[in-house]
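Each chain is listed here by its residues.
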Amino acid sequence: MSELLMGRVSLQTRGLRRMLAANALVVAFVALVVFFALNSDVFLTVDNFRTVLLQSAVTLVVVTPFALLLMSGYVDLAVGSTVGLSAVISGWCMTQGLPWTLAALIGVLAGLAVGCVHGWLIVKRGLSAIIVTLGSLAALRGLAEIVAPDPLYGFPTSFLDIGTTTVLGIPVLVLVALVVVGVGAAILNWTAIGKHILATGGNPEAASVSGVNVTRVGVALFLVTGAASGLAGVMLAARVGSTPAATTGDGLEMAVLTAALLGGVAFTGGRGTMRGVLLGVLFLALLQNGLTILNVQPQWSLAAQGLVLVLAAVAEKLAGSQHGRVRGDRGDPKAG
Amino acid sequence: MEVVETSAAPALDVRGLAKSFDGRPVLAGVDLSVRSGEVRALLGANGAGKSTLINCLSGAVSADAGDIALGGTPQTIRSPRDSIRAGLSVIYQHFSVQDDMSVADNIFLGSELTARGRLLKRQQLTEARTILDGFGVRIDPRSRVGDLTVSEKQLVEIAKALRRKPHVLVLDEPTAALGEQESALLLEEVRGLADRRGVGVIYVSHRLEEVFAISDSITVLRDGVVALEGRRADVSREDVIAAISPLAAAAQTAASERARPASTRRLLQVRGLATGVVCGLDLDVAAGTCLALYGNMDSGASEVLRALSGVVDRDAGDVQLDGRPYRPSTPVQAIKQGVAFVPGERKQALLPDLPASDNVMFAHRALGAAPLVRDRDQEVRAFEELAEQMVLTPRSPNLAGRFFSGGNQQKILIGRWLLAPAAKKVLLLDEPTHGVDVAARAEIWRQIRLALADNEIAVVFRSSDPDEVLQLGTDVVVLSRGVATLRASVADVRVDQLIAAAHAAEHERAPAHV
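Residues numbered from 1 in each chain as written. Chains lettered and ligands numbered in written order. Predicted model: local features only at pLDDT ≥ 70, side-chain atom pairs only at ≥ 80, totals over all residues. Heavy atoms only, no water.

Enquirer: Help me understand the overall build of chain A, please; the structure alone is not making it clear to me.
Expert: Along chain A, the regular secondary structure elements total 13 helices and four strands. The burial tally for chain A puts 47% of its 336 residues in the buried class. Partitioning the contacts of chain A with sequence separation of at least 6, the portion at a separation of at least 24 is 80%. With the model as given, the accessible surface of chain A reaches about 15,900 Å², and the carbon-plus-sulfur share is 69%. (Helix = DSSP H or I, 4+ residues; strand = E, 2+ residues; numbered from the N terminus. Buried < 20%, exposed > 50% of the residue type's maximum accessible area, 1.4 Å probe, protein only. Contact = heavy atoms within 4.5 Å. Areas by Shrake-Rupley, 256 points an atom, 1.4 Å probe, with all protein chains shown as cover.)

Enquirer: Could you clarify how one ought to interpret the pairing of strand 9 (residues 168–172) of chain B in this entry?
Expert: Each regular strand shows side chains that alternate between the opposite faces of the sheet. All names here are of chain B. Most of strand 9 sits out of view: five of its five residues are buried. Where burial is concerned, the two faces of strand 9 agree: the one with Val 168, Val 170 and Asp 172 and the one with Leu 169 and Leu 171 are both buried. Of the pairings in the sheet, the one linking strand 6 (residues 88–91) to strand 9 comprises four bridges and is parallel in character. Considered in strand 9, the bridge of Val 90 is made with Val 170. (Pairing = 2+ DSSP bridges.)

Enquirer: Honestly, the nonpolar core in this entry has me stumped. Any pointers?
Expert: A general feature of soluble globular proteins is that nonpolar side chains tend to end up buried together. Counting residues in each nonpolar core, the largest one holds 72 residues, and the members touching the most others are Phe 66, Leu 70 and Met 71 of chain A. With 13 residues, the single largest contributor to this core is helix 2 (residues 46–71) of chain A. Residues in contact with Phe 66 of chain A, not counting those within four places in the same chain, are Val 75, Asp 76, Val 79, Thr 225, Val 256, Leu 257 and Ala 260 of chain A. Residues Leu 367, Leu 386, Ile 448 and Val 495 of chain B belong to the second largest nonpolar core, which totals 66 residues. (Core = buried A, V, L, I, M, F, W, Y, C linked by side-chain atoms within 4.5 Å.)

Enquirer: Can you walk me through the confidence of the model for chain B in this structure?
Expert: Do not read the fine detail of predicted coordinates wherever pLDDT is low. Per-residue confidence for chain B gives a mean pLDDT of 85, with 91% of residues at or over 70. Confidence drops under pLDDT 50 across residues 1–6 of chain B; counting only partners more than four residues distant or on other chains, this segment forms nine contacts. (pLDDT = per-residue confidence, 0-100.)

Enquirer: Help me out: how do you make sense of helix 7 (residues 172–190) of chain A in this one?
Expert: Think of an α-helix as 3.6 residues a turn; residues three or four steps apart then line up on the same face. All names here are of chain A. The end-to-end C-alpha distance of helix 7 is 26 Å, a good match for the 27 Å that 19 residues give at a rise of 1.5 Å each. For helix 7, the set of buried residues is Leu 173, Val 174, Ala 177, Val 180, Val 181, Gly 184, Ala 185 and Leu 188. Along the axis of helix 7, the buried residues cluster in a sector spanning 130°; they form a single face. Buried residues along helix 7 sit in contact with helix 2, helix 6 (157–164), strand 3 (170–171), helix 8 (192–202), helix 10 (214–240) and helix 12 (274–293). (Expected span 1.5 Å × (residues − 1). Arc of directions from axis to C-beta.)

Enquirer: Hey, could you run me through the domain arrangement of chain B in this one?
Expert: One frequently used descriptor of interface size is the decrease in accessible area upon assembly of the parts. For chain B, the assigned domains are domain 1 (12–248) and domain 2 (249–327 + 461–514). Each of domain 1 of chain B and domain 2 of chain B was reduced to a C-alpha centroid, and the two centroids are 31 Å apart. (Domains from an automatic or database assignment.)

Enquirer: Just to check I follow, could you spell out the pattern of salt bridges for this structure?
Expert: Between side chains of opposite charge, a pair can form when the charged atoms approach closely. Residue and element names in this part refer to chain B. Enumeration according to the criterion identifies 31 salt bridges over all chains in this entry. We note a salt bridge from Asp 216 to Arg 191, for which the minimum N-O separation is 3.2 Å. Here Asp 216, found in the loop between helix 7 (208–214) and strand 11 (217–222), pairs with Arg 191, found in helix 6 (residues 180–197); they are 25 residues apart in sequence, far enough to count as distant. Residue classification places Asp 216 among the buried positions, given a relative accessible area of 12%. As a salt-bridge pair, Asp 284 and Arg 271 come within 3.1 Å of each other at their nearest N and O atoms. Highlighted residues: Asp 284 in strand 14 (residues 278–286) and Arg 271 in strand 13 (residues 266–275), separated in sequence by 13 residues. With relative accessibility at 28%, the residue Arg 271 sits in the partly exposed group. (Salt bridge = Lys/Arg side-chain N within 4 Å of Asp/Glu carboxyl O.)

Enquirer: Which parts of the structure should I look at to understand the packing of helix 8 of chain A against helix 10 of chain A?
Expert: Pairs of packed helices are described in terms of their axes, by the angle between the two and the distance that separates them. All names here are of chain A. Direction vectors running N to C along helix 8 and helix 10 enclose 105°, while the axes themselves pass 10 Å from each other. In terms of axis orientation, helix 8 runs roughly perpendicular to helix 10. Seen from helix 8, the contacting residues are His 196, Ile 197 and Thr 200; seen from helix 10, they are Val 214, Val 217 and Leu 221. Residues that form the contact of helix 8 with helix 10 fall into these classes: four nonpolar, two polar and no charged. (Axes fitted to C-alpha atoms, helices over the stretch in contact; angles between N-to-C directions. Parallel < 35°, antiparallel > 145°, perpendicular 65-115°, else oblique. Nonpolar A, V, L, I, M, F, W, Y, C, P; charged D, E, K, R; others polar.)

Enquirer: Explanation requested: the sheet that holds strand 12 (residues 225–231) of chain B in the structure shown.
Expert: Residue and element names in this part refer to chain B. Taken in spatial order, the six strands line up as 6-9-10-3-11-12 in an open sheet, and their pairing is mixed. The open sheet has two free edges, formed respectively by strand 6 and strand 12, since each of these has just one partner strand. Across the sheet, the mean angle from the axis of one strand to that of its neighbour is 15°, orientation sign disregarded. Lying on the sheet, helix 8 (residues 237–244) is in contact with strand 3 (39–43), strand 11 and strand 12; it crosses strand 11 at an angle near 25°.

Enquirer: What should I look at first to understand the environment of Gly 280 of chain B in this one?
Expert: Residue and element names in this part refer to chain B. By secondary structure assignment, the location of Gly 280 is in strand 14. For the pair Gly 280 and Val 476, spaced 196 residues apart in sequence, the C-alpha separation works out to 17 Å. Setting aside residues no more than four positions away along its own chain, Gly 280 makes contact with Gly 272 and Leu 273.

Pasting the structure below:
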């Protein structure tokens, strides 16, 4: 009887803890906004928010498939380099006189090709995602610098207009990003594919015997992540107007990984929401923006970003410890 | 009970199914057939090939040879998808559920209800609720599966299989995790599926009671072939037991002839041990004896060994080793006091990339019987001695551990403790000959008996194989859900008593629902 009662009590506190953990990011987000708003006059303005959203557009396009990939149990550390390669390739095509539409398409296809290689090596051949994509992180950056040793610029104005045009006051690039996030959220929440992604990351063996084609899920997500990184590269070229091979998309893998983990995606897969990921991206962007406004030196800003990643890992550990083993679960199939 | 023949071709027809792992045949030409509306019980000891047979049907494993036909149509089953599409549903003993997903999402995983690509969540919830209500259990289809009890998870697994409206349903020990009431409901449900919907059922179970209550026909597998096949009405309990383990009778005689050691020096005394599911367990092991812990997967026998070996810290209890208090918190401490443990999974003990001689020497080192600076001659001598005694093949000290066959790996892992030249008191063996061929098995048993002969050490082993219990043990303690349900000298106990005792506590401790 007392055992039963204790079970109920622990269940309740567990529910409370889980609720807190789930909303920790919201609390931190509000605190961050309030802090910067109190310390700066320009932070809480429409213009500043437009800037933050514009800067986040590329991150949002990449983080959407990246987070889904993470939920399926894989990771792609080469997204930043893929963005750089795609930007350089499409930029080079334009300097060679190709119409910008064709150049943009080639940029996206370059990203798709990278995803294709990743999917084949990692999902089909079973190589480690961390090692393979860490390898391409370096290899693709090097390739981008080989393609364009000097920064490319002088793109057609029709192309550069994409970076500045607004519809109803909202930059086009932000609209593109919102569409991508919306599609990602719809797939995760409203389709069977979303369930298959979570199942593949949660327990691949069980997903497989349930009839989920886990190989197809993994390969498809690497392809989409590659293509989205390609698209993000083109968007970045349009916004910045030049494509320095060494820095375009540099460090993006850090930003998307931090945002996804902050948003409650499990690094080992099986868990996560798009709402959390979106909030994670905005949190990071506002942090960066606020620190810049307060004239904090960039080194400190980078250090803060790294610290947030570690904190996100801690938060994930805390959230994870509330699942599974709490009840002294005996049903562990691997222990047999 | 008369079975209505609904169609001429059997619902499932398996012919000459064969499968080998690493050159060791696990299935050697198995025939199995189930008509629509028939419940066929599938029995066999561990390692008889039941799991492999089920895995071949479910598509988790591809058979090497043989034909599988459903409703007269030949099927090529290369993946779980093929199997599900053909109308086969398997309910796994180890659950194939997703802990982080809801009950409804689990039930519909892989065959979701959609309309133009859109997931019909509400409809899935309603249907899931209907299916679960059919069991008479109250599980909220929205709750997270990871928060359910083991028996609730099992029900989710069953609901998932039934949802697909299969022609053939395979249940792998479905009641192992269920209480009495739930088991009864499940049996009724299975019988109903066969009688009313004409589903062909393959029912795998160790519980003879259940088998005789529910089945129309019985197949017993042994060593990868069909050892017995017949209608339930035509076979007796004794036939089935004899088919499962023909050695049992012989073992009985051997056990009664085996001399009991004269020594009564008590090496290990356990009082009120609590660890995992086990609570309040008492054990007494005298020098020169071999105590068998018999039980099913969830019996807790394995946890007893893990607690005694220092792998896990025990929750409560008093243990005396050779008259002194004994409470190791790590395996190193246990070994220092003379207690060594060989885990059930070889990969938990073997270092696959190190040479065999190094694998042997780990026991010497742990027991303090090896110098700090390596002595190559000593290492080779130690290996040679083990190879000689245990009839190890190949006798190459420099060959990496993973290149030895399973049986030879096990000889290394057990032999290194038996033969290490240092003071040992108790050897703890978890499934000492699991997945080992007959010859290696006999060799391992012979060496263990030999080591016990001079009444210096004692052995405690866990086995889920009654043959092994009767062949190797001096005494046996049967555990069921963490409770000792039978204590006997091996000479006085029969196989069916062991099996009955292994299930004895299941009905008393049915998991409560929240």
